[in-house]
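Observations on chain architecture
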Amino acid sequence: MADIAKRFPENPLLSPDDLAPSAEGLLIACLLNPGVFKYEGKTWLLVRVAERPKQNEVHISFPVLTETGETKIMEIALDDADLIATDARVVRYKGVDYLTTLSHLRLLCSNDGKRFYEPEGYPKLFGTGPLQTFGIEDCRVTALEEKFYLTFTAVSDSGVGVGMRTTTDWKSFTSYGMILPPHNKDVAIFEEKINGKYYALHRPSSVDIGGNYIWLAESPDAVHWGNHKCILKTREGMWDSGRVGAGASPIKTEKGWLEIYHGATREHRYCLGAALLDLNDPSVVLARSTEPIMEPIASYEMTGFFGHVVFTNGHVLQEDGDTLTVYYGAADEHVCGANFSIREIFANLGV
């Protein structure tokens, strides 16, 4: 096993009981997969908060947003012949897929990177409009040109796509709607231009031909994306055989752009690995983890809402230039932290 993560002894840092639900009648089922950024000298998390009503032995119930932003509770009898509920995350009813939870994004901050609290005066971010009625999830935050870019998964009965908002003060936001249509997710924008262009990693999916692969796109304005290239595919018989997807923004190093990505088997065991991309042409993959740099081995990673999962879309590079603090979702239920040495990651990559 090649797990080189130095997990925080304080893990889990955040669990469902640590925050209050957004509305009466809802319970927080999961806190997970935060976007991460530095702002006003503090470490901030933009945490995905997944909520649902209290469950009983007779019905399954879950919230959805209306197009006007109101929350509606759907309730289905567990013995209904039209219900398929074999996955903790998704149910299928009368041919339509629904999420078992409704997610929004919430800001938390910390002075030491370990003890987080919800500051006053900052809004919760909810889905808006017909393409976000099943919620917004798994936000990546990119600091670029004195602005923060928020790219997140936007879910509705029309599919799973990528929404984007920007902000400079975390109190007012500009929405760009859906920048990549279904089926797409895991968008991480690079934190600087390359040869005058913006670049982003993303993950389109195909159920028939192709698979869940990492792609690269470029843009003149960080809004309209083109020249898409597939750069990282799944690998048969390996830890990332089922799907791969980008984590947070790639880190610029002297050896190349370092990307921490997630990979899963077909049995949905999620690990983290690394890839190194060329500095001048990030479509060129210089190296890639043969073994994962982090696996779900701690008890809070193996057991939870959806077990055997470590998943990241946020990190902070510390001032020493070598310590990478990764914040991650564990078992789709908790927020945790771990430190990595970039030198050790390079050794894992053989570079």
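Quick caveat, the model's predicted, so the values are computed rather than measured. (Residues numbered from 1 in each chain as written. Predicted model: local features only at pLDDT ≥ 70, side-chain atom pairs only at ≥ 80, totals over all residues. Heavy atoms only, no water.)

Some remarks on the environment of A287
The following threshold applies: For helices the rule is a DSSP run of H or I covering at least 4 residues; for strands it is a run of E covering at least 2, with both sets numbered from the N terminus onward. Throughout, a contact is declared for two residues whenever any of their heavy atoms are within 4.5 Å.
Residue placement: A287 occurs in strand β22 (residues 285-288). A sequence separation of 59 residues divides A287 from F346, and the C-alpha atoms of the two residues are 9.1 Å apart. The contacts of A287, once residues within four sequence positions are left out, are A274, A275, L276, L349 and V351.

What about the sheet that holds strand β16 (residues 214-219)?
Threshold: Note on pairing: DSSP must find at least two bridges between two strands before they are called paired. Only the stretch in contact is used when fitting a helix axis, every axis being a line fitted to C-alpha atoms; angles between N-to-C directions are given from 0 to 180 degrees.
With respect to topology, four strands assemble into an open sheet ordered β14-β15-β16-β17, the strand pairing being antiparallel. Of all the strands in the sheet, just β14 (184-189) and β17 (226-232) have a single pairing partner and so form its edges. Ignoring which end each strand starts from, the neighbouring axes of this sheet average 30° apart. For β16 and β17, the ladder comprises four bridges, and the chain directions are antiparallel. Within β17, the position partnered with E218 by the bridge is G226.

Some remarks on the pairing of strand β8 (residues 96-99)
With four bridges joining them, strand β7 (residues 90-93) and β8 adopt antiparallel strand pairing. The residue bridging R92 from the neighbouring strand is D97, located in β8. Connecting β7 to the antiparallel partner β8 that follows it, the hairpin turn spans two residues, and K94 within it adopts a positive phi of roughly 50°.

Topic: the environment of H315
Formally: Burial classification: accessible surface area is computed with a 1.4 Å probe over protein chains only, and a residue below 20% of its type maximum counts as buried, one above 50% as exposed, and the rest as partly exposed. Polar contact is the term for a pair of N or O atoms within 3.5 Å; when the atoms are in protein, one must be able to donate a hydrogen and the other to accept it, and sequence-neighboring residues count only if both atoms are side-chain atoms.
Among the secondary structure elements, H315 is positioned in strand β23 (residues 310-317). When its relative accessible area of 16% is taken as the criterion, H315 is described as buried. Counting along the chain gives 13 residues from H315 to Y328, while the straight-line C-alpha distance between them is 8.5 Å. Leaving out residues up to four positions away in the same chain, H315 has contacts with V36, A248, S249, I251, L324, T325 and V326. At a separation of 3.3 Å, a polar atom in the side chain of H315 contacts the main-chain carbonyl oxygen of S249.

Some points on the sheet that holds strand β12 (residues 159-167)
Reading across from one edge, β10-β11-β12-β13 is the order of the four strands in this open sheet, with antiparallel pairing throughout. Here the strands that pair on one side only, and so sit at the sheet edges, are β10 (136-144) and β13 (174-180). Ignoring strand direction, the axes of neighbouring strands in this sheet form an average angle of 25°. As paired strands, β10 and strand β11 (residues 147-156) are joined by seven bridges and run antiparallel to one another.

Some points on the nonpolar core
The tendency in soluble globular proteins is for nonpolar side chains to be buried side by side. Just so we agree on the cut-off: In this description, a nonpolar core means a group of buried Ala, Val, Leu, Ile, Met, Phe, Trp, Tyr and Cys residues linked to one another through side-chain atoms lying within 4.5 Å.
Residues L258, I260, M294, Y328, F340, I345 and L349 are the most contacted members of the largest nonpolar core, which totals 24 residues. Listed by contribution, the elements that provide at least two residues to this core are β20 (256-264), β21 (270-277), β24 (323-330), β25 (334-341) and α2 (342-349). Setting aside chain neighbours within four positions, we find F340 in contact with I4, A5, I293, M294, D322, T323, L324, V326 and I345. Residues A188, I194, I231 and L232 belong to the second largest nonpolar core, which totals 17 residues.

Focus on the packing of aromatic side chains
Note the cut-off: Two rings belonging to Phe, Tyr or Trp (six-membered ring only in the last case) form a pair when the distance between their centres is within 6.5 Å. Interplanar angles under 30 degrees mark stacking, angles over 60 mark edge-to-face geometry, and anything in between is tilted. Two limits define a charge over a ring: the Lys NZ or Arg CZ must be within 6 Å of the ring centre, and within 35 degrees of the ring normal.
Evaluation of the coordinates by the stated rule reveals 16 aromatic pairs. With a centroid separation of 5.8 Å and an interplanar angle of 90°, the aromatic rings of F116 and Y327 are classed as edge-to-face. Of the two residues, F116 sits in the loop between β9 (102-110) and β10 while Y327 sits in strand β24, which places them 211 residues apart along the sequence. With respect to burial, F116 and Y327 carry one shared label: buried. The positively charged end of R89 is found above the aromatic ring belonging to F306, 3.7 Å away from the centroid. The aromatic ring of Y122 is capped on one face by K171, whose charged end is 5.0 Å from the ring centroid.

Quick notes on the side chain of T101
Residue position: T101 is located in the loop between β8 and β9. Residue class for T101 comes out buried when judged on its relative accessible area of 6%. Once residues within four sequence positions are removed from consideration, T101 is found in contact with A29, A50, E51, R52, F134 and F305.

Thoughts on unusual backbone geometry
A cis amide bond, omega -10°, links N11 with the succeeding residue P12. Locating P12 in the fold gives a position in the loop between β1 (6-7) and β2 (27-39). Looking along the chain, the bond that leaves P182 and enters H183 is cis, with omega of -5°. With respect to the helices and strands, the residue H183 is situated in the loop between β13 and β14. One non-glycine residue, H308, lies in the positive phi region at around 60°. Within the secondary structure layout, H308 lies in the loop between α1 (299-302) and β23.

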